[in-house]
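As a plain string of letters, each chain reads:
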Amino acid sequence: MAHRPKANNRHLLKSLLAIIEISDRISIEEAVKCLNLHLETPSKGYSDFILECISHVILQFNRSSKPSPRLNALYNVLDTKEPTKSRVVVFVDTRTTARVLCEKLKVTKPEWNPEIVVGRSGYDGMIWSNEQELRMEEFRNGKIHLLVATSVLEEGIDVAACNLVVRFSPVKSVISYVQSRGRARVQDSEMIMIVTHEQQEHVEKVVKAEELLNDVLSNHADEAQLPSATTRKLLQSLISDTKLDEDWKSDSIESTICLDEIAMEIYFVAFEGCDIDMKLSLIDSIEQSCGVKVMRIDIKRNTAAFRCGVPNVFLSSDTTALLSIMPQESACSFESVWRNLLLFWNFKTGEGCEGDFPVFARFPLMPKLLKMKSLASLQVEVSCGKFIDRNHYKSVHHINNGILKFNEQIISIDFGIFAMDILRESIGSLLYVSFHLISKQLQIFFNVSSFPNWGLCNFEDRDPRYFRSFGFNDPAVGLIQDYPVIKLDVPYTSFESIMDFFSTLERSGFSVFFCRMTVVDEAPLSHDVISHSFNPHHAEVDEEQFNCRWHLFVFKSAMNLFVPDALLLSLSDTIHDSVQEDNADDLCQISFIMQQLFYESKFFPYWSSIETRLMKLKDQFDSITCNSYLECSSSQHLIKRLVVTPGRMIFLPPTLQPHSRITRFEEFRRTLDFLIVSFKDEQGQRIANADIVRRHFRVVLLDGLRICGREYMFLCASASQMRAHNAYFVYIKSGNLSIDDIRKKIINNPGDFTSAAKYLSRLGLFCTGDHEGIVIQPYEIHQIDDVRAYNGDLLTDGVGKISDVCAQKIAKRLNLEDVPSAFQIRYAGIKGVLLKVNPRKDEDFQMLQNQNLKFLYRPSMKKFSNHDTSLNIVNYSRKLDLHLNREVILLLVALHSLEKDSDFENVLLDMHTNCIKKLGRCFSKKRDALTLLIQYFPKQLIYSVIGSGIDILMEPFWFSVISGIYNQCLKDLTEKTRIPVEKGCLLIGVADPLGILKDNEVFLCINRGENNQQAYSAITGRVIVYRNPCLHPGDVRIITAVDVPDLHYFRDCLIFPGKNVSVSLTCECSGGDLDGDLYGCIYDEKIVPNCNSYPPLDYSALAKDVATDVDPTSNAAMVVFYSKVLSNDALGRIATMHLTLCSILKEGALHPLSLKLSESQAVAVDFPKTGNVPQVPDDALQWTKNTYPDFLEKPKQFRKSSVQFVAENPLGVMFRECRSFNFEQKVRRSEFKMDCRMRLWDSNHFMSEARIVYKLYVADVKVALLSCDLETDTDLMIGRPINWNEAQLGNKMKAMETINACRESLRDRYWSIFINDPKLTNPKRRRAKASAWYRVVFEKKPKKQPLTSLIAR
């Protein structure tokens, strides 16, 4: 093995190589100067032999000042150029050569004012902001005419002004050749390589390699029917060579510049017949109407979808025609041709083939129009309607005349006293343009996928988050909901103004398709008839019909779908006929098929025939019995969802939600129908304007919602629902109940409440998702006293005790193998945690001397009076993986800054880097892949898969799962800095039942075994304990974990002191308690600071209830408070502000302003329970106003008003490291091979049956994705979505439990179908059937069908 040279010798050898290069590239004289410089400061690492060689070389050198042949060649090149009109970049290999050559040129060619640009790394690097950036700016504006650069300029830095590239040394690869040549971007630019005769052969090989690469790419482009790089280059040169005459006139356009040919793209529907007939039809249609000659035409079938460059516009079956046209008169210009096409062509294919098809045309040369001036505004007439088909538009309502304005975020139409704002992303980039020959108006059509904002503010100051809406009662608002295609009529004053308008569109990034749209004015009566058929306010219907109509409303409110009115009316009639015939099966099937259709519509282009797809689904599932498996789980139920915005109601498919006591209560199940209502703005974002809440949402909360004759009224909301701006609305199906009666059945003592916030939060306890446990009678429970610390804090706040026998029954009911040590429960008006104890040994049980007692509760656990006798389980003690987040990282960095010579930041960066490397290895190392899978699947399942010999890195299903987990983990690292902590865990907190622990002591006994082995042991030493959310340094407690043998009975929970201590540790952890809070515990010595805990924040002084003068239990008081929650939800904004502030201030989280802001966060956390509105310090607002760190990526529409800065703290460094990875990429194997062991010859007997079952399985997966609100089936299999929605963010743990339960229910259903087959008389036939089920997944399927795999037992 070769020994690594010493550092000094390595430095010397590098210097010698640089000197050799200087002698070859520049001159011997310059090389000798460098040698003498090194000899003046000799190093101890220089050997006598090297010194002797250097001295010998110097004596032999002829100190001639003659430049090298290479340098002479450079002089000759520069002599042919004029410095004032040239920008030259000379590439060299080393920094030493760059500096020597630059100094030489400053003496010999001072007129070029040469400078150098080298990289930033190393002691001799350049700083971008002070050196590189300055040199590049001087090069662009002409102060510097020549740059000597290393490879740093080959990529990444813009040198667009360069018109000559000189390679002072030969290129080493094709990449280097292409990149260095690409630096010369000016027209007619050159690249010159100075090489010797020996090097010329190598350069020729590089050039030939590039030509071969171009051929390969061109062939690929031909196969994919895409333009090659050469074609694109020719088109671009044609665009740049073509110049417009700025003096052309409006109606008689003349230009001295002529074009030989004009490119044009045409898109139209698929046709039957030969391409020759279609070509002739198009040629006749264009030539006869436009005065042009078609020089070439190429028909490309089934290519329109990807050729147009705009997603979901054309169908995959649509056809593209590429035309090259030339004016018939030599003086005719591009503008006149374009004008004739727009005004006189009928935009149809002609009468060839089977019919006269409407077409959409686009001109690739439209970038020419960028040279025109941009319009600030344009007078338009605004109407709303919808497309009847591709070339017919139904205009329903003329809104008003207005002024159209553009900016980067909004398209605004001002109508005088009010305006309509349409966010750019709600339109996409697609516009249809038609010229109306009769009215001489240019008509523009676009479909809005989300509802416009109606406002009363000035356009210049308008922020898309803030507007004042007119609301439900405005007729235009209601019409746009039903007819979301906006039509703008632009008066034709002159063709010049039209050109200016399209210049504005091009600058705004729109794709403009020209067509000839026929406008049909619809009578108001006809609109009323259609609206009435789908009006949610019509008469009450029965349950089956209501479910069917709900799915119709889902389609009706989806503004991005092309759903013809005739189809909606037909479906409505079908539902009505089924109701008349009392055919419940038909209604159930309609609902099922509508769910399938809505899921598939995510992949539909806009013009897809939903009617055709609907009939295919009906034929496909005629034999389906629609008793969905989703209703089989006892812990879940399907509930309908509705989004209320300032202007409309958006109906959503029913979703799976965990059962709660309010949905499980027998009387409520019989008499109530529940609805989850979300309050959002028109773009689906959180409300940021109190005026909207006051004027619109409060009306909905007070008056309720009428849907198909059902009056849904506001009932209550849990804490997680309030955070997500959701609420329960109910419809009383039977009985004489009122909303107040329902609330009184939940809380029997409403008169004891003085705060509407407290009353609503207690009602929300009945909405918490839980699992039904066992029935316990009131005489089987007993109250015991709370225990306080010496300072008065509660030590047992929210924690009681349960007998071990009762705990065993609960564990059996929950199908748990081991009995947990603690349960988070709901019972009557009691909430909190029950710790498992042995009644024969427990002091409190022994004092009561009652063997019938099942559990003991404390006064702090009883929140209200209720007579429910069911003990329901919300959570139970278990060890959960711990991950650092951004807030905790900032606090740990701040605490370590109090130490001397702390190396924590490097430790943190190493943890982050290792995490990324470990993720990358999951595709090559089975051990790392197993570690990922065990986090998401039961260990027994994963080890059984490995034991069966399946290669998880090659098997398609498991590889897709690993890819999904990889994408999720990398996204969490990037967006949340979610770093796993190996020596850490997340545990439920309880109080010490024995009273052994002292101040600043905790106990935890957790499983530390590997490979599915149990090895429980106690953690000892200094640990960190905290509770999320935490922004104050005092929230992170540095305490001692001790080993107490008597407490080893309690596993997988964090035990805090319970008696005879000074303070409550839980109160110091972000004001926590023991009613189910989860606490993070880190016992890694590298992470735990050596300092003491920071003084804690006094949370008790901040938690003050806000009393009200009116009855707090009245509906009006609750609506006022819930409205207050909607308009004052500052929790997320304060957390973001804190991250920004800590990234700006040097002291970070320890700065007084950061400490003050953390107090506001503490108030915001308890705001839904106290009603106390948080107040943000003015100084914090000023510091963070219109600025944000780079790791807080803002949506595009908000970036213009804010300034991003590069965060230098660890969060910024780790974010930029993650950004080098593309977490959204789809990781795929080039080829998957089916496991040969699954190819059994006798499986053919089961293949036809397997295809039927697989078809039903795919349908059920689609319903599951809709019901769990997931995007991909990988999310369903993993049990965790890669993109959390607002409802899931409210309680991620419950959302994951729901998804996992849905997955298990799906697997149980198909396992039952598999195993209950009477044909499976022996193991051999079972293996054959399993082989058929496995093989059918590999059969060829439609392109856009999701990858799904049956999960085997």
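This structure is a prediction, so every number in the text was calculated from the model and none was measured. Think of each chain on its own: its residues are numbered from 1, step by step along the sequence as written. Given that the model is predicted, a residue must reach a pLDDT of at least 70 before its local features are reported, and side-chain atom pairs must reach 80 or more before they are shown or counted; all residues, however, enter totals for whole chains, interfaces and linings. Each side-chain value is derived from all of the structure's non-hydrogen atoms; neither hydrogens nor water enter the calculation.

Looking only at helices and strands, the chain has 45 helices and 43 strands in total. Within the span of the chain, comprising 1353 residues, buried residues form 54% of the whole. Excluding contacts between residues fewer than 6 apart, the proportion of contacts in the chain whose partners are at least 24 apart in sequence is 75%. Throughout, the Shrake-Rupley method with a 1.4 Å probe supplies accessible areas, and for residues the shown protein chains are the sole cover considered. Approximately 61900 Å² of the chain is accessible, and the part contributed by carbon and sulfur atoms is 50%. Runs of H or I in DSSP of at least four residues are treated as helices and runs of E of at least two as strands, each being numbered from the N terminus. Per-residue accessibility, obtained with a 1.4 Å probe over protein chains only, is compared with the maximum for each type, and a residue is labelled buried under 20%, exposed over 50%, and partly exposed between these values. Contacts are assigned to residue pairs with any non-hydrogen atoms lying within 4.5 Å of each other.

If you look at the biggest cluster of nonpolar residues, it comprises 91 residues, and the most contacted ones within it are Leu884, Leu933, Ile952, Trp958, Val961, Tyr1026 and Leu1276. In this structure Trp958 touches Leu933, Phe937, Ile942, Val945, Ile950 and Ile952, once residues within four positions along its chain are discounted. Only buried residues count toward a nonpolar core, which is a set of Ala, Val, Leu, Ile, Met, Phe, Trp, Tyr and Cys residues joined through side-chain atoms within 4.5 Å.

A few words now on the sheet that holds strand β31 (residues 855-857). Pairing between strands requires that DSSP locate at least two bridges from one strand to the other. Spatial ordering of the open sheet is given by β26-β32-β29-β30-β28-β31-β27, a layout of seven strands whose pairing is mixed. Of all the strands in the sheet, just β26 (771-775) and β27 (781-783) have a single pairing partner and so form its edges. Taking the axes of each pair of neighbouring strands and ignoring which way they run, one obtains an average angle of 35 degrees across the sheet. Taken together, the six bridges between strand β29 (residues 822-827) and strand β30 (residues 830-837) define a ladder with antiparallel strand orientation. Bridge assignment links Ile825 to a residue of β30, and that residue is Gly832. Packed onto the sheet, helix α27 (residues 804-813) meets β26, β28 (799-803), β29, β30 and β32 (870-876) and runs at close to 85 degrees relative to β28. Think of each axis as a best-fit line through the C-alpha atoms, taken over the contacting stretch in the case of a helix, with angles from 0 to 180 degrees between the N-to-C directions.

Let us look at the packing of aromatic side chains. Planes of paired rings set the category: under 30 degrees apart is stacked, over 60 is edge-to-face and the rest tilted, where pairs are Phe, Tyr or Trp rings (Trp by its six-membered ring) whose centres lie within 6.5 Å. If you walk through the whole model with that rule in mind, you get 30 aromatic pairs. Relative to Tyr1079, the ring of Phe1056 lies with its centre 5.0 Å away and its plane at 65 degrees, an arrangement referred to as edge-to-face. Highlighted residues: Phe1056 in strand β40 (residues 1053-1056) and Tyr1079 in strand β41 (residues 1078-1082), separated in sequence by 23 residues. For the pair Phe1056 and Tyr1079, a shared accessibility class is recorded, and that class is buried. Ring centres of Tyr1254 and Tyr1257 lie 6.4 Å apart, and the angle between their planes is 25 degrees; this geometry places the pair in the stacked category. You can see Tyr1254 and its partner Tyr1257 sitting in helix α41 (residues 1247-1268), three residues apart, about one turn around the helix. The exposure classification of Tyr1254 matches that of Tyr1257, with both residues buried. Aromatic rings pair up to connect Phe546, Trp550, Phe553, Phe651, Tyr712 and Tyr731 into one cluster. Both a distance and an angle decide whether a charge sits over a ring: NZ of Lys or CZ of Arg must be within 6 Å of the ring centre and within 35 degrees of the ring normal. One cation-aromatic arrangement involves Arg878 over Tyr876; the distance from NZ or CZ to the ring centre is 4.4 Å. Sitting above the plane of the Tyr1016 ring, Arg1051 keeps its charged end 4.1 Å from the centroid.

Read from one edge of the open sheet, six strands run β21-β20-β22-β25-β24-β23, paired in mixed fashion. What marks the edges here is a single partner per strand, and that holds for β21 (649-658) and β23 (705-707). Between one strand and the next, the sheet's axes are offset by a mean angle of 35 degrees, whatever the strand orientation. Sheet topology places strand β24 (residues 710-716) next to strand β25 (residues 726-732); three bridges connect them, and they run antiparallel. Bridged to Phe714 within β25 is Phe729. Here α41 sits on the sheet and contacts β20 (636-644) and β21; the angle it forms with β21, its principal contact strand, is near 100 degrees. Each of β20 and β21 is contacted by helix α44 (residues 1292-1315), which is oriented at about 130 degrees to β20, the strand it contacts most.

It is worth spelling out unusual backbone geometry at this point. Cis peptide bonds are those with omega within 30 degrees of zero, and the linkage from Asn1028 to Pro1029 qualifies with -5 degrees. The topology assignment puts Pro1029 in the loop between β38 (1021-1026) and β39 (1037-1041). Its identity is not glycine, yet Thr977 carries a phi of approximately 50 degrees, on the positive side. Its place among the elements puts Thr977 in the loop between α33 (956-976) and β34 (979-991). Taking the relative accessible area as the measure of exposure, Thr977 reaches 1% and is therefore buried.

In this section: a positive patch on the surface. Only residues whose relative accessible area exceeds 30% and that form no salt bridge enter a patch; like-charged residues are grouped when within 9 Å of one another, and nonpolar side chains (Val, Leu, Ile, Met, Phe, Trp, Tyr) when within 5 Å. Every case where a carboxyl oxygen of Asp or Glu lies within 4 Å of a side-chain nitrogen of Lys or Arg is listed as a salt bridge. The charge count treats Lys and Arg as positive and Asp and Glu as negative. His and the chain ends do not count. Charged groups are reduced to one reference atom each: NZ for lysine, CZ for arginine, CG for aspartic acid, CD for glutamic acid. Taken together, the side chains of Lys879, Lys939, Lys983, Arg1008 and Lys1086 define a basic patch exposed on the protein surface. When you line up the elements, Lys1086 lands in the loop between β41 and α35 (1115-1127). We classify Lys1086 as exposed; its relative accessible area is 59%.

Further remarks concern the state of the cysteines. Defined by distance alone, a disulfide is two cysteine sulfur atoms within 2.5 Å. Considering all chains together, one arrives at zero disulfides under this definition. With no disulfide of its own, Cys915 has Cys969 as its nearest cysteine by sulfur position, at a separation of 7.2 Å. By relative accessible area, Cys915 is classed as buried at 14%.

Here we take up the pattern of salt bridges. All chains considered together, the criterion is met by 31 salt bridges. In this structure, Asp79 and Lys109 form a salt bridge, with 2.5 Å as the shortest nitrogen-oxygen distance. In this pair, Asp79 is assigned in helix α4 (residues 69-79) and Lys109 in the loop between α5 (95-108) and β2 (115-117), connecting sequence segments 30 residues apart. Each of the salt bridges in this network shares a partner with another, and the network as a whole consists of Glu103, Lys106, Glu115 and Arg135.

Below, the discussion takes up the environment of Leu1126. Position of Leu1126 relative to the elements: it lies in helix α35. Sequence separation between Leu1126 and Phe697 is 429 residues; the distance between their C-alpha atoms is 9.1 Å. Discounting chain neighbours no more than four positions away, the residues touching Leu1126 are Phe679, Ile687, Val693, Phe697 and His725.

Here the chain averages 76 in pLDDT, while 71% of its residues score no lower than 70. As a per-residue measure, pLDDT reflects the predictor's confidence and takes values from 0 up to 100. In this model residues 524-534 is a low-confidence stretch, pLDDT under 50, and it forms 20 contacts with partners more than four residues away in sequence or in other chains.

Of note, Met136 is situated in helix α6 (residues 128-141). Sequence separation between Met136 and Ile116 is 20 residues, and the spatial gap between their C-alpha atoms is 10.0 Å.

The residue Asp928 is located in helix α31 (residues 926-934) in this model. Among residues more than four places away in sequence, those in contact with Asp928 are Lys918, Arg921 and Cys922.

A few words now on helix α45 (residues 1323-1336). Look at α45: 20 Å from first C-alpha to last across 14 residues, which is about the 20 Å you get at 1.5 Å a residue. For α45, the complete set of buried residues consists of Ala1328, Lys1329, Ser1331, Ala1332, Trp1333, Tyr1334 and Val1336. Against the buried residues of α45 lie α33, α41 and α44. Where α45 begins, one side-chain oxygen reaches toward the backbone nitrogen of Lys1324, 3.0 Å away; that side chain belongs to Asn1322. What a helix is expected to span follows from its residue count: subtract one and scale by 1.5 Å. N or O atoms closer than or at 3.5 Å make up a polar contact, with two conditions inside protein: a donor-capable atom paired with an acceptor-capable one, and, for residues adjacent in sequence, both atoms drawn from side chains.

In the contact formed by α41 and α44, the axes pass within 11 Å of each other and the chain directions differ by 165 degrees. By the criterion of interaxial angle, the relationship of α41 to α44 is roughly antiparallel. Handedness of the α41/α44 crossing: right-handed. Taking contact as the criterion, the partners of Val1253, Leu1256, Tyr1257, Asp1260, Val1261, Ala1264 and Cys1268 in α41 are, on α44, Ile1299, Cys1302, Leu1306, Arg1309 and Tyr1310. Asp, Glu, Lys and Arg are counted as charged, while Ala, Val, Leu, Ile, Met, Phe, Trp, Tyr, Cys and Pro are counted as nonpolar; the rest, among them Gly, fall into the polar class. Its residues assigned to classes, the contact of α41 with α44 shows 10 nonpolar, no polar and two charged. If an angle is under 35 degrees, it is roughly parallel; if it is over 145, roughly antiparallel; if it lies from 65 to 115, roughly perpendicular; otherwise it is oblique. The hand of a helix crossing depends on one turn: near helix anticlockwise from the far one by less than a right angle means left-handed, and clockwise means right-handed.

A few words on the packing of helix α36 (residues 1131-1144) against helix α37 (residues 1152-1170). Their axes nearest at 9 Å, the elements α36 and α37 cross at an angle of 165 degrees. Here α36 is positioned roughly antiparallel relative to α37, judged by the angle of their axes. Where α36 crosses over α37, the handedness of that crossing is left-handed. Residues Leu1131, Ile1134, Ala1135, Met1137, His1138, Leu1141 and Cys1142 of α36 form the contact with α37, whose participating residues are Leu1153, Ser1154, Leu1157, Ser1160, Gln1161, Ala1164 and Val1165. In terms of residue class, the contact of α36 with α37 is built from 10 nonpolar, four polar and no charged.

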